[in-house]
Amino acid sequence: SMNKLEVNTKEIEPLKDIIKFTSDVWKYLISESMQDTEEDFRSAEVPTKDTPHPHTPTMDICVDPRFTSEDKVEARVNLRKWCKEVGAQELTNSMIYLPNTTMKWHTNSDNPGVRRYYTFTKGDAWFAWVDKEGNVQYDKDNMGWTVREFEAPIWHSIYTSQLRFSFGLRMS
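Residues numbered from 1 in each chain as written. Predicted model: local features only at pLDDT ≥ 70, side-chain atom pairs only at ≥ 80, totals over all residues. Heavy atoms only, no water.

Colleague: Explain the state of the cysteines to me, please; I cannot follow it from the model alone.
Modeller: As used in these notes, a disulfide is a covalent bond between sulfur atoms, one from each of two cysteines. Counting across every chain of the model gives zero disulfides. Left unpaired, Cys62 is separated from the closest cysteine sulfur, that of Cys83, by 9.7 Å. A relative accessible area of 8% means that Cys62 is categorised as buried. Overall, Cys83 belongs to the buried group, its relative accessible area being 8%. (Disulfide = S-S within 2.5 Å. Buried < 20%, exposed > 50% of the residue type's maximum accessible area, 1.4 Å probe, protein only.)

If you want it as structure tokens, here you go:
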């Protein structure tokens, strides 16, 4: 199952800083589009064969060559500290989705455990998952910050109409 958690303002401070100091790069992406639509996202069939990770055109803040070495190092250091502060086992991602991007159905089966995602967007974004009864559920991101937790492996998919920042953790 998926739980939407209350946003703890203290927990998101380091993430706000990272978004701020990397803005010289991502501000140019606001007008870009991957051309995916919410309709495509909603009509996509859940695969029958396990897919741990789909190929998605996202930018990883810690590794993407478009970010400066200094920013990547600073992001890594801050995220490592943040992981410890929130009691996580490891950082699973720190990425930016371009506008009109779908992350196709996948399970995270290659790294099971409790996952927590801190996301930020100013547009329409959706998180879809398959519940225990096998039904597809949809949950809309908050305007601004959203925090969700679920146990992997679980089928899930994401769509965003605008830039969306995502910081993922494995909690246990």
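Colleague: Can you walk me through the layout of surface pockets in this structure?
Modeller: Where empty space is left can be seen by rolling a probe of water-molecule size over the atoms. In this structure, the largest pocket encloses a volume near 350 Å³. Around the largest pocket, the lining is made up of 24 residues, and of these His53, Asn93, Met95, Met103 and Tyr117 lie nearest the centre. Sorting the residues of the lining of the largest pocket by element identifies β2 (58-60), β3 (90-97), β4 (101-106), β5 (113-121), β9 (156-160) and β10 (164-170) as the ones contributing at least two each. At four residues, β3 tops the list of elements feeding residues into the lining of the largest pocket. (1 Å grid on protein atoms, 1.4 Å probe; cavity = no way out; pocket = protein on both sides within 12 Å on 5 of 7 lines; lining within 4 Å. Points joined across faces, edges and corners; volume = space filled by probe spheres on them. Helix = DSSP H or I, 4+ residues; strand = E, 2+ residues; numbered from the N terminus.)

Colleague: I would appreciate a short explanation of helix α4 (residues 69-85) in the present structure.
Modeller: A turn of α-helix holds 3.6 residues, and therefore any two residues three or four places apart point the same way. Under the 1.5 Å per step criterion, the end-to-end length of α4 is 24 Å for 17 residues, consistent within 8% with the ideal 24 Å. Residues of α4 that are buried sit in contact with α1 (9-21), β3, β5 and β10. Looking one or two residues past α4, Gly87 carries a phi angle of roughly 75°, positive in sign. (Expected span 1.5 Å × (residues − 1). Contact = heavy atoms within 4.5 Å.)

Colleague: Got a minute to help me understand the sheet that holds β4 in this structure?
Modeller: The strands that make up a sheet are held in pairs by hydrogen bonds between backbone atoms, and each pair lies either parallel or antiparallel. The strand order β4-β9-β6-β7 describes an open sheet built from four strands, whose pairing is antiparallel. Because the sheet does not close on itself, it has two edges, and the strands there are β4 and β7 (136-140). Each strand of the sheet is rotated relative to its neighbour by a mean of 15°, with strand direction disregarded. Inspection of the sheet shows strand β6 (residues 125-130) paired to β9 by five bridges, in the antiparallel sense. Among the inter-strand pairings, Trp129 is bridged to a residue of β9, identified as His156. (Pairing = 2+ DSSP bridges. Axes fitted to C-alpha atoms, helices over the stretch in contact; angles between N-to-C directions.)

Colleague: How do you make sense of the pairing of β9 when you look at a structure like this?
Modeller: One face of the sheet, then the other: side chains in a regular strand alternate in exactly this way. Counted residue by residue, β9 has five buried out of five residues, so it is predominantly covered. Side chains His156, Ile158 and Thr160 project from β9 onto one buried face, and the interleaved Ser157 and Tyr159 project onto a second face that is buried too. Note that β4 and β9 share four bridges and pair antiparallel. Bridge pairing in β9 places Thr102 opposite Tyr159.

Colleague: How should the packing of aromatic side chains be read in this particular structure?
Modeller: We describe a pair of aromatic rings using the distance from one ring centre to the other and the angle between the two ring planes. For the structure shown, the criterion picks out 10 aromatic pairs. Aromatic pair Trp82 and Tyr118: ring centres 4.9 Å apart, planes at 75°, arrangement edge-to-face. Of this pair, Trp82 sits in helix α4 while Tyr118 sits in strand β5, and the two are 36 residues apart along the sequence. Taking relative accessible area as the criterion, Trp82 reaches 1% and is therefore assigned buried. Ring plane angle 70° and centroid distance 6.5 Å describe the contact between Trp82 and Phe167, whose orientation is recorded as edge-to-face. Of this pair, Trp82 sits in helix α4 while Phe167 sits in strand β10, and the two are 85 residues apart along the sequence. Among the residues examined, Phe167 registers a relative accessible area of 0% and is labelled buried. Here a set of aromatic residues connected by ring pairs shows up, and it is made of Trp26, Phe120, Trp145 and Phe165. Geometry around Trp126 places Arg42 over its ring, the cationic atom sitting 4.4 Å from the centre. Taking the ring centre of Tyr138 as reference, the NZ or CZ of Arg42 above it sits at 4.3 Å. (Phe/Tyr/Trp six-rings, centres within 6.5 Å; stacked < 30°, edge-to-face > 60°. Lys NZ or Arg CZ within 6 Å of the ring centre and 35° of its normal.)

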